[in-house]
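The residues making up each chain are set out below.
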Amino acid sequence: QVQLVESGGGLVQPGGSLRLSCVVSGIIYRINTMVWYRQAPGKERDLCATITTDGSTNYADSVKGRFTISRDNYKKTVYLQMNSLKPEDTAVYYCNAKIGSTIFWGKGMQVSVSS
């Protein structure tokens, strides 16, 4: 059974940094695109960043230049380095992974940016 488990969230002051991790467990031969989403209170879930198998990345305009997505295929892990955090980055962050033709989601974790 495939599971995605996120870690690294929490409370940080504006201007601070966090590094999110998402580990994929289960019998998996290949993980395709991996994605970080976020959902702020009262808003829809929005895409933050994507990374393909070969390492090509794409970012939402709101995080470009501040967030960096990366992956370790051996560890089956995707990361999101978040710098220069702003209060508007406060949200529940979710990772997902496309394995074969199926997209799997993590349960999400809270990131709060506040002084």
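Every value quoted in this text rests on a predicted model; they were computed, and no experiment measured them.

Criteria and cut-off values
- Residues numbered from 1 in each chain as written.
- Predicted model: local features only at pLDDT ≥ 70, side-chain atom pairs only at ≥ 80, totals over all residues.
- Heavy atoms only, no water.
- Phe/Tyr/Trp six-rings, centres within 6.5 Å; stacked < 30°, edge-to-face > 60°.
- Helix = DSSP H or I, 4+ residues; strand = E, 2+ residues; numbered from the N terminus.
- Buried < 20%, exposed > 50% of the residue type's maximum accessible area, 1.4 Å probe, protein only.
- Lys NZ or Arg CZ within 6 Å of the ring centre and 35° of its normal.
- Salt bridge = Lys/Arg side-chain N within 4 Å of Asp/Glu carboxyl O.
- Pairing = 2+ DSSP bridges.
- Disulfide = S-S within 2.5 Å.

Chemist: Report on the packing of aromatic side chains, specifying residues and quantitative values.
Modeler: Applying the stated criterion across every chain, the model contains two aromatic pairs. Considering the side-chain rings of Y37 and W105, the 5.0 Å spacing of their centres and the 50 degrees angle between planes classify their relative orientation as tilted. Linking Y37 in strand β4 (residues 34–39) with W105 in strand β10 (residues 102–105), this pair joins segments that are 68 residues apart in sequence. Aromatic pair Y94 and W105: ring centres 6.4 Å apart, planes at 80 degrees, arrangement edge-to-face. With Y94 in strand β9 (residues 91–99) and W105 in strand β10, the pair connects residues that are 11 residues apart, well separated along the chain. Note on W105: relative accessible area 37%, which makes it partly exposed. It is R45 that lies over the ring of Y94; its NZ or CZ is 3.6 Å from the centre. Note that R45 overlies the ring of W105, its terminal NZ or CZ placed 4.8 Å from the centroid.

Chemist: Which residues make up the pattern of salt bridges, and what are the values?
Modeler: With the rule as written, the count across this model stands at three salt bridges. For R38, the salt bridge identified is with D89, shortest N-O distance 2.8 Å. Taken together, the positions of R38 in strand β4 and D89 in the loop between β8 (77–82) and β9 put the pair 51 residues apart, joining distant regions of the chain. In this structure, R38 and D89 share a single accessibility class: buried. Between D61 and K64 there is a salt bridge, and its shortest N-O distance comes to 3.2 Å. Among the residues examined, D61 registers a relative accessible area of 67% and is labelled exposed. The network of salt bridges with common partners includes R38, R66 and D89.

Chemist: Now, about the pairing of strand β7 (residues 67–72): what can you tell me, with residues and values included?
Modeler: Burial along β7 is one-sided: the residues F67, I69 and R71 are buried and none of T68, S70 and D72 is. Relative to β8, β7 runs antiparallel, the two sharing six bridges. When the bridges of β8 are listed, T68 appears paired with Q81. Taking the residues that link successive antiparallel strands as the turn, the β7-β8 hairpin has four residues, and the phi of K76 there is positive, at about 55 degrees.

Chemist: Give a description of the state of the cysteines that names residues and reports values.
Modeler: Inspection of every chain in the model, using the stated rule, returns one disulfide. Two residues, C22 and C95, share a disulfide whose sulfurs are 1.9 Å apart. Because the torsion about its S-S bond is 50 degrees, the bridge between C22 and C95 counts as right-handed. One end of the pair, C22, is in strand β3 (residues 18–25); the other, C95, is in strand β9, with 73 residues separating them in the sequence. Assigned by exposure class, C22 and C95 land together as buried. The closest cysteine sulfur to the non-disulfide-bonded C48 is located on C95, 12 Å from its own sulfur. When its relative accessible area of 1% is taken as the criterion, C48 is described as buried.

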